[in-house]
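# Close look at the chain arrangement
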Amino acid sequence: MKTRIIHAVAGTFILISILLSLYVNQNWLWFTAFVGANLLQSSITKWCLMADILTKLGVKD
């Protein structure tokens, strides 16, 4: 369940930031890059801050 939530949040952030970059300001693409960099970092280090937050909130694996 935790992995599904992480993927859903990351995907939502990316889609929202792309829409914001199209309709508000192109600088929102920096947020898209930040989300992508965090996804890459978590795949390399096997550590994800969102997973830690969800664990503290009581979400099961």
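In this text the structure is predicted, and so the values were computed from the model without any measurement. (Residues numbered from 1 in each chain as written. Predicted model: local features only at pLDDT ≥ 70, side-chain atom pairs only at ≥ 80, totals over all residues. Heavy atoms only, no water.)

It is worth spelling out the side chain of S21 at this point. Tracing the sequence through the fold places S21 in helix α1 (residues 2–23). On the accessibility criterion, S21 (9% relative accessible area) is buried. Separated by 2.7 Å, the side chain of S21 and the backbone oxygen of I18 make a polar contact. Among residues more than four places away in sequence, those in contact with S21 are Q26, W28 and L29. (Helix = DSSP H or I, 4+ residues; strand = E, 2+ residues; numbered from the N terminus. Buried < 20%, exposed > 50% of the residue type's maximum accessible area, 1.4 Å probe, protein only. Polar contact = N/O pair within 3.5 Å; in protein donor to acceptor, adjacent residues only side chain to side chain. Contact = heavy atoms within 4.5 Å.)

Quick look at the environment of H7 now. With respect to the helices and strands, the residue H7 is situated in helix α1. For H7, a relative accessible area of 53% translates into the label exposed. Residues H7 and W30, 23 residues apart in the sequence, show an inter-C-alpha distance of 19 Å.

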